[in-house]
Amino acid sequence: QQPVQSPQAVILREGEDAVINCSSSKALYSVHWYRQKHGEAPIFLMILLKGGEQKGHDKISASFNEKKQQSSLYLTASQLSYSGTYFCGTVNYGGSQGNLIFGKGTKLSVKP
Amino acid sequence: DSGVTQTPKHLITATGQRVTLRCSPRSGDLSVYWYQQSLDQGLQFLIQYYNGEERAKGNILERFSAQQFPDLHSELNLSSLELGDSALYFCASSVGLAGAGNEQFFGPGTRLTVL
């Protein structure tokens, strides 16, 4: 079951904050976040394994609400380098738990 | 550089033809995944191999097949190609399974154009 990401696209000015949401209709085992620049390979950001887990790297952090079957990615004080498409990938309970199903992505554009 | 290599980088072919895409995972990674990404679309999971065996299948067409060899490299075979098969095909690898918290490392992709 493909997770749903929102918003589909967002435009920010440098220094502004953004939140990207990822939700699933099925119980989530884990959530993985990736960023892809145009024409390039996706790059790993972080994995959240447990309900309630929060992680952060520099000014990018994420949370995982297992009960609500959703995860949110927080980008604080955005930089030009944050531009790209963000994908969440989910592992559902009951599946093979070996592979990720990715959402359609959220396109983030950061302007000077 | 993720350590995952894919060849060729670009491939242009005609409808009805057959092509093979090759992927070499990072050293030590046992799991290989194949994804299809059409223009401005998300990453569609095709198939996964783990240590030589098929582990999971996504929306892979019957015209497509894949395998993972004893040296862990993988090949994706696309046959009876149609215009709609034009896309960027990514290979990714990981040490173990996604559910165990293993991150995937993506190769640079093969851009397939079917004319």
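The shown structure was predicted, so the numbers you read here are calculated from the model rather than taken from an experiment.

A. Main features of the overall build of chain B. What chain B contains, in helices and strands, is zero helices and 11 strands. The secondary structure elements of chain B, listed N-terminal to C-terminal, are β-β-β-β-β-β-β-β-β-β-β. Against the compact-globule benchmark of 13 Å for 115 residues, chain B has a radius of gyration of 13 Å, which places it among compact chains. C-alpha extents for chain B along the principal axes are approximately 40 × 25 × 25 Å. When the 115 residues of chain B are sorted by exposure, 50% land in the buried category. Of the contacts made within chain B by residues no fewer than 6 positions apart, 55% connect residues no fewer than 24 positions apart. With the model as given, the accessible surface of chain B reaches about 5400 Å², and the carbon-plus-sulfur share is 47%. Charge separation in chain B, taken as the distance between the mean sites of 8 positive and 11 negative side-chain charges, equals 2 Å.

B. Spotlight on unusual backbone geometry. Omega for the bond connecting Ser6(A) with Pro7(A) falls within 30 degrees of zero, at -10°, which places this linkage in the cis form. Mapped onto the secondary structure, Pro7(A) falls in the loop between β1 (4–6) and β2 (9–13). A cis amide bond, omega -10°, links Thr7(B) with the succeeding residue Pro8(B). Following the sequence through the fold, Pro8(B) ends up in the loop between β1 (5–7) and β2 (10–13). Positive phi values are uncommon outside glycine, yet Ala77(A) reaches one of about 45°. As for its placement among the helices and strands, Ala77(A) is situated in the loop between β8 (70–75) and β9 (84–92). Despite not being glycine, Leu72(B) shows a phi value in the positive range, around 80°.

C. Looking closely at the packing of aromatic side chains. Overall, the coordinates contain 10 aromatic pairs over all chains when judged by the stated rule. Arranged with centres 5.6 Å apart and planes meeting at 75°, the rings of Tyr34(A) and Phe102(A) form a pair that is edge-to-face. Placement of the pair is Tyr34(A) in strand β4 (residues 28–36) and Phe102(A) in strand β10 (residues 101–102), with a sequence separation of 68 residues. The two residues Tyr34(A) and Phe102(A) agree in class, both being buried. When the ring of Phe102(A) is compared with that of Tyr35(B), the centres are 5.5 Å apart and the planes differ by 70°; the resulting orientation is edge-to-face. Of this pair, Phe102(A) sits in strand β10 while Tyr35(B) sits in strand β4 (residues 31–37), which puts the two residues in different chains. Here Phe102(A) falls in the buried class, since its relative accessible area comes to 1%.

D. Just the state of the cysteines, in detail. Residues and elements named next belong to chain A. Taken as a whole and judged by the stated rule, the model has two disulfides over all chains. Paired by a disulfide, Cys 22 and Cys 88 hold their sulfur atoms 2.1 Å apart. Looking along the S-S bond of the Cys 22-Cys 88 disulfide, the torsion reads about 75°, which is the right-handed sense. You can see Cys 22 sitting in strand β3 (residues 18–23) and its partner Cys 88 sitting in strand β9, a full 66 residues away along the chain.

E. Quick peek at the interface of chain A and chain B. With 23 residues of chain A at the contact, the number on the chain B side is 22 residues. Where chain A abuts chain B, roughly 1700 Å² becomes buried across the two surfaces, and 61% of that area is made up of carbon and sulfur atoms. It is Pro42(A), Gly98(A) and Phe102(A) that lose the most area in chain A upon contact with chain B, and together they represent 25% of the buried surface on that side. Joining chain A to chain B, the criterion identifies zero salt bridges. The interface formed by chain A and chain B includes two residue pairs in polar contact (both at pLDDT 80 or more). Counting residues per element, the ones that place at least two in the side of chain A that touches chain B are β4, β5 (43–48), β9 and β10 of chain A.

Calculation criteria
- Residues numbered from 1 in each chain as written.
- Chains lettered and ligands numbered in written order.
- Predicted model: local features only at pLDDT ≥ 70, side-chain atom pairs only at ≥ 80, totals over all residues.
- Heavy atoms only, no water.
- Helix = DSSP H or I, 4+ residues; strand = E, 2+ residues; numbered from the N terminus.
- Rg over C-alpha atoms; globule rule 2.2 N^0.38 Å.
- Buried < 20%, exposed > 50% of the residue type's maximum accessible area, 1.4 Å probe, protein only.
- Contact = heavy atoms within 4.5 Å.
- Areas by Shrake-Rupley, 256 points an atom, 1.4 Å probe, with all protein chains shown as cover.
- Lys, Arg positive; Asp, Glu negative; His and termini not counted.
- Charge placed at Lys NZ, Arg CZ, Asp CG, Glu CD.
- Phe/Tyr/Trp six-rings, centres within 6.5 Å; stacked < 30°, edge-to-face > 60°.
- Disulfide = S-S within 2.5 Å.
- Buried area = accessible area lost by both parts, 1.4 Å probe.
- Salt bridge = Lys/Arg side-chain N within 4 Å of Asp/Glu carboxyl O.
- Polar contact = N/O pair within 3.5 Å; in protein donor to acceptor, adjacent residues only side chain to side chain.

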